[in-house]
Amino acid sequence: MQEISHIVATLKRLLKARGMTYRELGAALDLSEPSVKRLFSSERLTLERLAQVSALLGYTLAELTQEAAASSLQLHVLTRKQETQLVSNETLLLVAVCALNHWTLAGIVAAYRLDTPACLKHLLVLDRMGLIELLPGDRIRLRIARDFDWLPDGPIRRYFLQQGLGEFVDSRFENEQETLAFAHAMLSASALAQLQLELRRLRARVAELHAESGSAPLAQRTGVGMLLAMREWEPAAFQALRRT
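What you see is a predicted model, and the numbers here were worked out from it, not measured in a lab.

Caption draft 1: How the structure looks around the overall build of the protein. Counting secondary structure elements, the protein contains 12 helices and 2 strands. Along its sequence from the N terminus, the protein presents helices and strands in the succession α-α-α-α-α-α-α-α-α-β-β-α-α-α. Over its C-alpha atoms, taken along the principal directions, the protein stretches across nearly 60 × 60 × 35 Å. For the protein, long-range pairs separated by at least 24 residues make up 66% of all intrachain contacts whose partners lie at least 6 apart in sequence. Total accessible area computed for the protein in this model is approximately 16,600 Å², and 55% of it derives from carbon and sulfur atoms. For the protein, the distance from the average position of its 29 positive side-chain charges to the average position of its 27 negative side-chain charges is 5 Å.

Caption draft 2: Representation of the pairing of strand 2 (residues 139-142) within the structure. Bridging between strand 1 (residues 132-135) and strand 2 involves 4 bridges; their strand directions are antiparallel. The residue bridging Glu133 from the neighbouring strand is Arg141, located in strand 2. Between strand 1 and strand 2, which pair antiparallel one after the other, the connecting turn spans 3 residues, and Gly137 there sits at a positive phi close to 80°.

Caption draft 3: Spotlight on unusual backbone geometry. For Asp30, which is not glycine, the phi dihedral falls at a positive 60°. Checked against the element boundaries, Asp30 lands in the loop between helix 2 (22-29) and helix 3 (33-42). Residue classification places Asp30 among the exposed positions, given a relative accessible area of 71%. Even without being glycine, Glu43 reaches a positive phi, approximately 60°. If you trace the backbone, Glu43 turns up in the loop between helix 3 and helix 4 (47-56).

Caption draft 4: Highlighting the environment of Arg172. With respect to the element layout, Arg172 can be found in the loop between helix 10 (155-169) and helix 11 (189-213). Assessed through its relative accessible area of 68%, Arg172 is described here as exposed. Reaching out from Arg172, the side chain makes a polar contact with the side chain of Glu174 at a distance of 2.8 Å.

Caption draft 5: Here's a closer look at a nonpolar patch on the surface. Taken together, the side chains of Phe160, Leu161, Val169 and Leu227 present a nonpolar region at the surface, about 350 Å² in accessible area. Within the fold, Leu161 resides in helix 10.

Caption draft 6: Broad picture of the packing of helix 2 against helix 4. One way to put it is that helix 2 packs onto helix 4 with a least axis distance of 11 Å and a crossing angle of 115°. Viewed along their axes, helix 2 and helix 4 form a crossing whose handedness is right-handed. Counted together, Leu25, Ala28 and Leu29 of helix 2 and Arg49, Gln52, Val53 and Leu56 of helix 4 form the full contact between these two elements. Residues that form the contact of helix 2 with helix 4 fall into these classes: 5 nonpolar, 1 polar and 1 charged.

Caption draft 7: Broad picture of helix 11. With 25 residues, helix 11 extends 36 Å between its outermost C-alpha atoms, agreeing within 8% with the 36 Å of an ideal straight helix rising 1.5 Å per residue. Among the residues making up helix 11, those that are buried are Leu197, Arg200, Ala204 and Glu208.

Caption draft 8: Representation of the nonpolar core in the model. Counting residues in each nonpolar core, the largest one holds 25 residues, and the members touching the most others are Leu86, Leu123, Leu126 and Leu131. Of all the secondary-structure elements, those providing two or more residues to this core are helix 7 (90-100), helix 8 (105-111), helix 9 (116-129) and strand 1. Setting aside chain neighbours within four positions, we find Leu123 in contact with Val95, Leu105, Ile132, Leu134 and Ile140. If you look at the next biggest cluster of nonpolar residues, it comprises 20 residues, including Ile7, Leu14, Leu29 and Leu39.

Caption draft 9: Focus on the packing of aromatic side chains. All chains considered together, the criterion is met by 4 aromatic pairs. Ring centres 5.3 Å apart and planes at 20° place the aromatic pair Tyr22 and Phe40 in the stacked group. In this pair, Tyr22 sits in helix 2 while Phe40 sits in helix 3, placing the two residues 18 residues apart along the sequence. Under the relative-accessibility criterion, Phe40 is labelled buried at 3%.

Caption draft 10: Inspection of the pattern of salt bridges at higher detail. On inspection of all chains with the given rule, the structure shows 11 salt bridges. Across the salt bridge formed by Arg23 and Glu33, the nearest N and O atoms sit 3.4 Å from each other. Residue Arg23 is located in helix 2, and its partner Glu33 is located in helix 3; the two are separated by 10 residues in the primary sequence. Each of Arg23, Glu33 and Lys37 takes part in one network of salt bridges that share partners.

Cut-offs and rules
- Residues numbered from 1 in each chain as written.
- Predicted model: local features only at pLDDT ≥ 70, side-chain atom pairs only at ≥ 80, totals over all residues.
- Heavy atoms only, no water.
- Helix = DSSP H or I, 4+ residues; strand = E, 2+ residues; numbered from the N terminus.
- Contact = heavy atoms within 4.5 Å.
- Areas by Shrake-Rupley, 256 points an atom, 1.4 Å probe, with all protein chains shown as cover.
- Lys, Arg positive; Asp, Glu negative; His and termini not counted.
- Charge placed at Lys NZ, Arg CZ, Asp CG, Glu CD.
- Pairing = 2+ DSSP bridges.
- Buried < 20%, exposed > 50% of the residue type's maximum accessible area, 1.4 Å probe, protein only.
- Polar contact = N/O pair within 3.5 Å; in protein donor to acceptor, adjacent residues only side chain to side chain.
- Patch = residues over 30% accessible without salt bridge, like charges linked within 9 Å, V, L, I, M, F, W, Y side chains within 5 Å.
- Salt bridge = Lys/Arg side-chain N within 4 Å of Asp/Glu carboxyl O.
- Axes fitted to C-alpha atoms, helices over the stretch in contact; angles between N-to-C directions.
- Left-handed = near helix turned anticlockwise from the far one by under 90°.
- Nonpolar A, V, L, I, M, F, W, Y, C, P; charged D, E, K, R; others polar.
- Expected span 1.5 Å × (residues − 1).
- Core = buried A, V, L, I, M, F, W, Y, C linked by side-chain atoms within 4.5 Å.
- Phe/Tyr/Trp six-rings, centres within 6.5 Å; stacked < 30°, edge-to-face > 60°.

Scope: geometric values only; no functional claims are made or implied.
As structure tokens, this is what we get:
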């Protein structure tokens, strides 16, 4: 029964990575929150139920089984110390981002002012961190899980907020491959939960397309950034007009 326990543990991890609570899962399955908790604690999920939960997470049963089998060998997050190590050396961070985007050693050296020995030095650091495995012939194999992410309030996210966010939005977004959309709505609690779920599904889909595109030649791939943000918000100018 160890395989079942591993699959259930994988489901729990994927739910956590998506930010989906047992209450939200129960609502989608037409079950109460306590019933969902009992299902996971007893590990008595039927094949049909496993398929339902997998589908909600964007997986087929076959993909879930593969994810469970490989998850013990894959990295899901870095430690705060490791993220600090990356942002403290921008060249190392560059090589890490390239590796995570399925670049080869030759591609990195050809595109950036970095010679082969220096690039290999950084790749060896990433190998020791568990992000990649440097194979014979200087080939790079990723060792990250499908739901790999940076720490929610970690050094990498702070780096992006402080140094990358301004650069990212400093555009007129006029290119046909660029999109800038803004929407505002007054939502109920249930509608807000549904929207959160849709955003998580979209982020998961981006990760799937990223993995699928990894086999294409570098010249046929384009680096794309997508910012998903949602918060309770009212413009400061409107707040200034509110009655106290």
